[in-house]
Amino acid sequence: MLKILKYSFFDLMRSRWSYVYFAFYLLLGIVLLFLNNDLSKAVITLMNVIIVLVPLIGTIFGVMYFYNSKEFTELLLAQPLKRSSIFLGQYLGVALSLSMSLILGLGLPFVFYGLFKSNTIWDFSLLLITGTFLTLIFTALAFNIALSNENKIKGFGYAILLWLFLAIIYDGIFLMTLVLFEDYPLDKLSLIGTMLNPIDLSRTLILLKLDISALLGYTGAIFKQFFGTSFGLIISFIMLIVWVVLPVLRIVFKAKKKDF
Amino acid sequence: MKCFLQHSVFLILVFTSYIGFSQTINVCEDCSISSIKSAIKQAKNYDTIVIKKGTYKEYNIVIDKPLTIIGKNYPVIDGELKGEVITIISNNVTVDGLFVINVGTSYTEDYAAIRVRRSKHFVIKNIVLEKLFFGIYIEKSSYGKIYHNKIIGDAIEEYNSGNGIQLWYSNHIEIEHNYVEHVRDGIYLEFSDDCLIKNNVSAENLRYGLHFMFSNDDVYQDNTFENNGAGVAVMFSKKIKMLNNIFKENWGTASYGMLLKEINDAEIIGNTFEENTIGINIEGSNRITYKNNNFTNNGWAIKVRGACYANRFLENNFLYNSFDISYNSKVNDNVFDKNYWSNYTGYDLDKNGVGDIPYRPVKLFSYIVNRTPETIILLRSLFIDLIDFSEKVSPVFTPDNLMDNNPLIKKITW
Amino acid sequence: MVSIQNLYKKFGKNQVLSGVDLDINSGGIFAVLGPNGSGKTTLIKSVLGMVIPNKGEISVLGNNIKNSSNYRYKIDYLPQIANFPSNLKVKELVKMIKDLRGYTTEDLRLIELFKLEPFLNKKLGTLSGGTKQKVNLVLTFMFNSPLIILDEPTTGLDPISLIRLKDLIQVEKAKGKTILITSHIMSFVEEVSDEIVFLLEGKIYFKGTISELKTKTNQPDFEHAIASILTDNHA
């Protein structure tokens, strides 16, 4: 698996898309920091970018890579390699190269800005960790979509729909549900609703840092336990890991059954 | 005539001290006078009692004549939880440098470490209070000074704990450089006018760091209120000046940097509100000027709960608050002008430092959260940004005249 | 060498293989023939484990191949369409396959044989179809495995390379290897193969030598023999 990872990774590192992605983050980081000169504002803007853009790029890139590397995959399949190692290797190759672009692209400008001397470093590390998780999750979801759909166009369609659903539509439905059932105790429901969507989950994780003052304004005991203690942080991370593991397991499972 | 009388009293005092009746009475554990009570009994008016280092197990010490009581190296006065420790009922009393502990707790009487009753021109300074019920209790007194005291309580529940410094029907009191923590209300004023509260730190108190009721024309400035149960409450008072205070980290459901209720004609200038669940909670308060305040990282910078008219918010910085302003009605009679809003996304094409499009500080989402508090979990979601944007374009739920027509492009410094 | 029993495979509603039984002994060249869509490639891919059969068993060198990958060390496979990752260089591809499968020096000889030296530093995406096929051949023949599977090996090859390929196949055969070929070029098949397997509608229609086929169909030459099978069955 590590060999496949290595080849996928270097293959991607050489493709211009990785550079575009890297350059985009680099530019974003520089613009936010050096033109705006406001670290707190930069972190807030970055959060918005990360929870919206990272999933989008993860899905699109994952699907694209999968379809484009069909030949490579077939070449590998004829070699004495386990299917799970081929697909996990490719998956990790994509996910890691995307994460690298993200971490380096955003990290470098922040390091040059003198992040290590600032106490925003924790907020910022959290952003990068969340971004990495989102990349892992959405690349895995993209691989699932691609594995299940031979048709490229269909695969892309589903990928974009998935993103649209999790990034926007889900929250709309979520909001409606909460407002409709406002007469009932909702704190459990709202926390569960958050857990079921990796984008919401990541957003909550960042809210814990940026908006803790507002979150503690709500009365519910479960809310209070969740946001007031490290409980929320731990649960959120566990859920993020679950969100990585489940799609990855499905990749392994699906890959075993698939014909090429 | 009066002047002559005073002078002659002074001369007599000097004379009597000179011929053997000492003006200074020393108290120590193995002196001839080993209790404070007996020292007071023996003292003449305007004598000085010096208490040497040691532990004095006494309570109900009544100071009924103008005396100066000075502790050397913080002698401990242990009330043994039996009742009030020191009660001042005379004018011109100074108490300095004592360490008072173990004040009695009662549900019927407000025992205090030091109480001043119907007296003028008192000075209470350099006192350390621990294990107390009420700390310094000023009752129907005036022209006193309370400074450099340290009050450290161990209050756990509101119903059986007292306040650090309490003023009741007292005027012209100066409270400066005190440090109060872990009591019910750090500083409490009721029916007390023309007082100055300056440079105090009030932290970790169960209820309010500072609490005003029915007190007018007071000034509080340069104080720090941090991590109190519910922040600072200013209620039913007029013409209060609140200047350069810091309100920090007051977190919780009913918690705010400052609560204003029925406050008229106040000035709130140069304060910093940082990381509070609600920066300022305003109810029924009119004609208040908010100027040059910093609202940083609060849940809600300002929450307006109706019946607030003719308030002016000028040249404040609103930085990274989850919500800048929240309103619960569609009517607005308040003015927002020339503030800096970090959430402002407009532009300044003519480069005059003022944004070319107005800023609407009230978001639709803040209404939704008011209605269904659980929705707070959707804060900063893309969907919420979208509906906020559409509300911004055509306001339906938010007051359409509520905007800052001159939002500044750069953070204000003063 | 390869033993296939009762093999069934369906793609969606399309039944491609319906009960294939086939035993291929060690040594010799076997050609798998059949009209388009008869299941040749599916059969080969099933042996390689790239297609998972619905039913039936396949064993290679006596081992059942289900859920196993190591048996592929014993197989050299030449895929039908030589599509490689386009931003890899030829050199890197060869190096990578060696890295994945094991050490060999045979590649140098093969590269020389097919005159690929000038292309070593070119990216695979820029190569012509024929050159790609040559690279493909190098990758296949550089390992010394007892079973060689060639799916349409002649595609895009120039006459000289074709001759070299035939030589290569004969050399491998002489080593006692088993070689499985699919091809549409009947002259090629006739020239190289010892035995043919004819697939029709997902079943084995004929298995035997070319002369046996000619006898069976009463046709004087191989091409006509094949044609007669097809016309008889589609008439």
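Quick caveat, the model's predicted, so the values are computed rather than measured.

Caption draft 1: Focus on the overall build of chain B. Regarding its fold elements, chain B presents four helices and 39 strands. Expressed along its principal axes, the backbone C-alpha trace of chain B runs to roughly 90 × 45 × 30 Å. Going through the 414 residues of chain B one by one, you find that 46% of them count as buried. For chain B, restricting intrachain contacts to residue pairs at least 6 apart in sequence, the fraction spanning at least 24 positions comes to 45%.

Caption draft 2: Structural context of the nonpolar core. Judged by nonpolar contacts, the single largest core of 254 residues is most densely connected at Tyr91 of chain A, Ala113 and Ile114 of chain B together with Val138 and Ile149 of chain C. Considering each element in turn, this core owes the most residues, 15 residues, to helix H3 (residues 39-68) of chain A. Not counting chain neighbours up to four residues away, the residues in contact with Val138 of chain C comprise Val94, Asp107, Leu110, Ile111, Phe114 and Leu116 of chain C.

Caption draft 3: The pairing of strand E7 (residues 147-151) of chain C, seen in detail. Residues and elements named next belong to chain C. Of all five residues that make up E7, five are buried, and the element is covered over most of its length. What you see with E7 is no split at all: Leu147, Ile149 and Asp151 on one side and Ile148 and Leu150 on the other are buried throughout. In this sheet, E7 lies alongside strand E6 (residues 75-78) in parallel orientation, the contact comprising four bridges. Residue Ile75 lies in a different strand from E7, and its bridge partner there is Leu147. As paired strands, E7 and strand E8 (residues 178-182) are joined by five bridges and run parallel to one another. Counterpart to Leu147 in the pairing with E8 is Thr178. The parallel pair E7 and E8 is bridged by helix H5 (residues 159-174), and the resulting crossover is right-handed.

Caption draft 4: Local environment of the environment of Leu39 of chain A. All names here are of chain A. Note that Leu39 resides in helix H3. Spatially, the C-alpha atoms of Leu39 and Ser118 are 9.0 Å apart, while their sequence positions differ by 79 residues. Ignoring any residue separated from it by four or fewer positions in sequence, one finds Leu39 in contact with Ser118 and Thr120.

Caption draft 5: Layout of the environment of Lys238 of chain B. All names here are of chain B. In this structure, Lys238 sits in strand E25 (residues 231-238). According to the C-beta neighbour criterion, Lys238 is partly exposed, with 16 such atoms within 10 Å. Here the alpha-carbon distance between Lys238 and Ser285, two residues 47 residues apart in the chain, equals 9.8 Å. For Lys238, the residues in contact, after removing those within four places along its chain, are Asn216, Asn264 and Asp265.

Caption draft 6: Looking closely at the sheet that holds strand E10 (residues 203-208) of chain C. All names here are of chain C. The strand order across the open sheet formed by six strands is E6-E7-E8-E3-E9-E10, and the pairing between neighbours is mixed. Each having just a single partner strand, E6 and E10 make up the two edges of the open sheet. Recorded for the sheet is a direction-independent mean angle of 15 degrees between the axes of neighbouring strands. Sheet strands touched by helix H4 (residues 129-141): E6 and E7. Its angle to E6, the strand with the most contacts, is close to 175 degrees. Here helix H7 (residues 210-217) sits on the sheet in contact with strand E9 (195-200) and E10, set at roughly 115 degrees to E10.

Caption draft 7: Structural context of the interface of chain A and chain C. At the junction of the two partners, chain A supplies 19 residues and chain C supplies 20 residues. Listed by contribution, the elements that provide at least two residues to the side of chain A that touches chain C are helix H1 (2-14) and helix H4 (70-77) of chain A. In terms of residue count, H4 of chain A provides more of the side of chain A that touches chain C than any other element does, five residues in total.

Caption draft 8: Structural context of unusual backbone geometry. All names here are of chain B. Notably, Glu204 is not glycine yet its phi reads approximately 55 degrees, a positive angle. Assignment of secondary structure puts Glu204 in the loop between strand E21 (201-203) and strand E22 (208-213). Under the C-beta neighbour-count criterion, Glu204 is labelled partly exposed, with 17 such atoms within 10 Å. Although it is not a glycine, Glu315 adopts a positive phi angle of roughly 50 degrees. Within the fold, Glu315 resides in the loop between strand E35 (312-314) and strand E36 (317-319).

Caption draft 9: Geometry of the environment of Val116 of chain B. All names here are of chain B. As for its position among the elements, Val116 is in strand E10 (residues 112-117). A residue is classified by how many C-beta atoms lie within 10 Å of it, and Val116, with 30 of them, is buried. Sequence separation between Val116 and Ser142 is 26 residues, and the spatial gap between their C-alpha atoms is 9.6 Å. Excluding anything up to four places from it in sequence, Val116 contacts Ile88, Phe122, Ile138, Glu139, Ser141 and Gly144.

Conventions adopted
Residues numbered from 1 in each chain as written. Chains lettered and ligands numbered in written order. Predicted model: local features only at pLDDT ≥ 70, side-chain atom pairs only at ≥ 80, totals over all residues. Helix = DSSP H or I, 4+ residues; strand = E, 2+ residues; numbered from the N terminus. Buried ≥ 20, exposed ≤ 12 C-beta atoms within 10 Å, placed from the backbone. Contact = placed C-beta atoms within 7 Å. Core = buried A, V, L, I, M, F, W, Y, C linked by C-beta atoms within 7 Å. Pairing = 2+ DSSP bridges. Right-handed = clockwise from strand over helix to strand, strands pointing away. Axes fitted to C-alpha atoms, helices over the stretch in contact; angles between N-to-C directions.

Remember, this is a structural readout, not a statement about activity or role.
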